[in-house]
Amino acid sequence: SMSVQHGDNTPTTTKGTTTNLKTIVIERCRDYIRTVPQMSSNNCDAIWEAFQNSFLGKDPCNVKVEDYDLFITTVQQDIPCNKSLFWSKTSQIAHDFAKATKCLMTLEDTLLGYMMDGLKWCGQQHSKELNYTSCPGWIECEFNPVRSFWRRASAHFAELACGNVLVMLNGSIDTPFNKQSIFGSVEIKRFDSEKINYISIRVIDSLQDRVSCNSMSLEDLGKILKNASLNFDCKDIDKSEVERCINDPIPYSCDCVN
Ligand code: APR
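As the structure is a prediction and not an experimental result, all values here were calculated from the model.

1. A few points about the environment of Thr-110
Next up, step 1: Mapped onto the fold, Thr-110 is located in the loop between helix 4 (91-101) and helix 5 (111-116).
Next up, step 2: Taking the C-alpha atoms as reference, Thr-110 lies 8.2 Å from Ile-79; in sequence the two are 31 residues apart.
Next up, step 3: Once you skip the residues sitting within four places of it in the chain, Thr-110 turns out to touch Tyr-32, Gln-77, Ile-79, Met-105 and Phe-157.

2. Focus on unusual backbone geometry
Next up, step 1: Positioned with a positive phi, Gln-38 is a non-glycine residue whose angle comes to about 60°.
Next up, step 2: Topologically, Gln-38 is positioned in the loop between helix 1 (21-35) and helix 2 (44-55).
Next up, step 3: By relative accessible area, which is 79% here, Gln-38 ends up exposed.

3. A short note on the environment of Ser-200
Next up, step 1: Within the fold, Ser-200 resides in strand 3 (residues 196-205).
Next up, step 2: Residue classification places Ser-200 among the buried positions, given a relative accessible area of 13%.
Next up, step 3: The spatial distance from the C-alpha of Ser-200 to the C-alpha of Ile-173 is 19 Å, given a sequence separation of 27 residues.
Next up, step 4: Those residues within four positions of Ser-200 in sequence are excluded, and the remaining contacts are Val-165, Leu-166, Val-167 and Asp-233.

4. Overview of the nonpolar core
Soluble globular proteins tend to pack their nonpolar side chains together in the buried interior.
Next up, step 1: Of all hydrophobic cores here, the largest spans 55 residues; its most connected members are Phe-71 and Trp-121.
Next up, step 2: Excluding residues that lie within four positions of it along the chain, Trp-121 makes contacts with Thr-17, Leu-21, Phe-51, Phe-55, Tyr-68, Met-116, Cys-135, Pro-145, Val-146, Phe-149 and Trp-150.
Next up, step 3: Ala-98, Cys-103, Cys-245 and Cys-256 belong to the second largest nonpolar core, which has 16 residues in total.

5. A short note on the pattern of salt bridges
Next up, step 1: Within the structure shown, the criterion is met by eight salt bridges.
Next up, step 2: Where Arg-151 meets Glu-142, a salt bridge forms, and the shortest distance between an N and an O atom there is 2.7 Å.
Next up, step 3: Linking Arg-244 and Glu-241 is a salt bridge whose minimum nitrogen-to-oxygen distance equals 3.0 Å. Placement of both Arg-244 and Glu-241 in helix 9 (residues 239-247) is noted, with a separation of three residues, approximately one turn of the helix.
Next up, step 4: Here Arg-244 falls in the exposed class, since its relative accessible area comes to 53%.
Next up, step 5: Residue classification places Glu-241 among the partly exposed residues on the basis of a relative accessible area of 32%.

6. Brief notes about the pairing of strand 2 (residues 163-170)
Across a regular strand the side chains alternate sides, sitting on one face of the sheet and then on the other.
Next up, step 1: Burial within strand 2 is extensive, with seven of its eight residues counted as buried.
Next up, step 2: With eight bridges connecting them, strand 2 and strand 3 associate as parallel partners. Bridged to Leu-166 within strand 3 is Ser-200.
Next up, step 3: For the crossover that starts at strand 2, traverses helix 7 (residues 182-190) and ends in the parallel strand 3, the hand is right-handed.

7. Side note on the sheet that holds strand 1 (residues 85-88)
Next up, step 1: With parallel pairing, the four strands of this open sheet are ordered in space as 1-2-3-4. Single-partner strands in this sheet number two, and they are strand 1 and strand 4 (232-238). Averaged over neighbouring strand pairs, the angle between their axes works out to 20° when direction is ignored.
Next up, step 2: Where strand 1 and strand 2 come together, four bridges link them in parallel fashion. Residue pairing across strands places Leu-85 opposite Leu-166, the latter belonging to strand 2.

8. Quick look at the site of the ligand
Next up, step 1: Looking at the ligand, the residues that line it are Phe-86, Trp-87, Ser-88, Lys-89, Leu-107, Trp-138, Ser-154, Ser-181, Ile-182, Phe-183 and Glu-187.
Next up, step 2: Within the side chain of Ser-88, one N or O atom sits 2.7 Å away from an oxygen atom of the ligand.
Next up, step 3: Glu-187 places a polar side-chain atom, nitrogen or oxygen, 2.5 Å from an oxygen atom of the ligand.
Next up, step 4: Protein contacts shield 70% of the accessible area of the ligand, which totals 700 Å² for the unbound molecule.
Next up, step 5: Among the residues forming the shell around the ligand, the class breakdown is six nonpolar, three polar and two charged.

9. Describing the confidence of the model for the protein
Next up, step 1: With 94% of its residues at a pLDDT of at least 70, the protein reaches an overall mean of 93.
Next up, step 2: Interface predicted TM-score (ipTM) for the complex: 0.93; the corresponding pTM is 0.94.

The rules behind each value
- Residues numbered from 1 in each chain as written.
- Predicted model: local features only at pLDDT ≥ 70, side-chain atom pairs only at ≥ 80, totals over all residues.
- Heavy atoms only, no water.
- Helix = DSSP H or I, 4+ residues; strand = E, 2+ residues; numbered from the N terminus.
- Contact = heavy atoms within 4.5 Å.
- Buried < 20%, exposed > 50% of the residue type's maximum accessible area, 1.4 Å probe, protein only.
- Core = buried A, V, L, I, M, F, W, Y, C linked by side-chain atoms within 4.5 Å.
- Salt bridge = Lys/Arg side-chain N within 4 Å of Asp/Glu carboxyl O.
- Pairing = 2+ DSSP bridges.
- Right-handed = clockwise from strand over helix to strand, strands pointing away.
- Axes fitted to C-alpha atoms, helices over the stretch in contact; angles between N-to-C directions.
- Near = heavy atom within 4 Å.
- Polar contact = N/O pair within 3.5 Å; in protein donor to acceptor, adjacent residues only side chain to side chain.
- Areas by Shrake-Rupley, 256 points an atom, 1.4 Å probe, with all protein chains shown as cover.
- Nonpolar A, V, L, I, M, F, W, Y, C, P; charged D, E, K, R; others polar.
- pLDDT = per-residue confidence, 0-100.

Here it is as structure tokens:
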């Protein structure tokens, strides 16, 4: 129910703003509020206006994270406690897991993330038009419109988290916890120990018997969580185990990474 399938409006790749950006965003928005309960207070035209006002007319290397503040507050959605799933370098398996089990939601399963997933956009100075010719890449300049949006939306998603939350990290790389990632640099700093009861860190390993939870990288994460008075545990989980839950969802699938 919470995961919505993107329809025909799959974006075509360009170096500038995604072709038909406005149509795609508004259609995704309408699609989402039609499908997901309790979203009817949202107005997709107003949401589009607030979105484009965040970055139009600005140098595409100078769009601040805060430039999206008004847009973020225009989108109204309650995220239930015990539902939030965070991930880093596990995009595919985390989203597949959320979709198959319907137990948890990622940022991309919220209206904000659903609308913008996979899209690219930028404006330009001295013009109120979208730039369809060229937009900066993710690392080309730090404050590009797309990266600033994902940072802002991620901060918001993390601030809303309450109850028990799940984090899926990638045990097949040297630093499953990367302080430079959005999870490590934005989300973890926004977790509120007054609202969050417990954080389950699950490191998904494609090799059996790997013990990433004991690694330096996970030790760093543990220190940060302890300092923030956040309760957590860490478990190494075989990727095949998670894939089994995804391919054969059963009523117990929600617990399959516990
Ligand atoms: N170029 C383009 N996009 C990138 C790049 C890059 N170099 N790096 C990251 N991204 C975007 C992509 O869309 C990618 O799928 O960020 C996404 C996540 O990147 P990861 O490095 O896998 O993870 P992380 O930076 O920790 O972000 C994921 O942040 O979006 C939130 O709630 C979400 O918990 C999740 C976390």
